[in-house]
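Working through the structure, step by step
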Amino acid sequence: FGSTILFRYREGIKLHKENRSSDTMIPATHHQIATYLTDYALSELVRYVMEDTGCNLEQAMAKVYNSSLMTALQDEENELYIQSPAYLYELMNRMS
């Protein structure tokens, strides 16, 4: 069984696939990078909501995942996922 690891490097992000027969570096696809950055942004947004409102994890997740921003963030074509989580948090608060 192989595992995958994302590495940051000067030109961007590469996906390192560990394989028992050989180790190879293959470039990450646009979709893989978008998914990685979106997941990171979502985890930070949930953390920000918890810190600002004092709510628990489930409540913070519900607020983020039910927000108007969530739909926009999942659309890879608008590339909103490249924005900082802090900017996305302010945008989410303005949209609600």
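The notes below deal with the structure included here. (Residues numbered from 1 in each chain as written. Predicted model: local features only at pLDDT ≥ 70, side-chain atom pairs only at ≥ 80, totals over all residues. Heavy atoms only, no water.)

1. Considerations on the environment of Met-70
For clarity, the threshold we go by: By the criteria applied, helices consist of DSSP H or I runs no shorter than four residues and strands consist of E runs no shorter than two, each listed in order from the N terminus. Note on contacts: a residue pair is in contact if any heavy atoms of the two residues lie within 4.5 Å.
Structurally, the position occupied by Met-70 is in helix α3 (residues 68-74). Expressed as a C-alpha distance, the spacing of Met-70 and Leu-88, which sit 18 residues apart in the sequence, is 10.0 Å. Look past the residues within four positions of Met-70 in its chain and what remains in contact with it is Leu-42, Val-64 and Tyr-65.

2. Considerations on the nonpolar core
Formally: As used here, the term nonpolar core means buried Ala, Val, Leu, Ile, Met, Phe, Trp, Tyr and Cys residues forming a set that is joined through side-chain atoms within 4.5 Å. Exposure categories follow from relative accessible area, calculated using a 1.4 Å probe and restricted to protein chains: below 20% of the type maximum is buried, above 50% is exposed, and the middle band is partly exposed.
Counting residues in hydrophobic clusters, the biggest one holds 20 residues, and the most contacted among them are Leu-45, Val-49, Val-64, Leu-69, Leu-73 and Leu-88. Elements with a contribution of two residues or more to this core: α1 (30-53), α2 (57-65), α3 and α4 (85-95). If you tally residues by element for this core, the top one is α1, at eight residues. In contact with Leu-45, other than residues within four places in its own chain, are Val-64, Leu-69, Leu-73, Pro-85, Leu-88 and Tyr-89.

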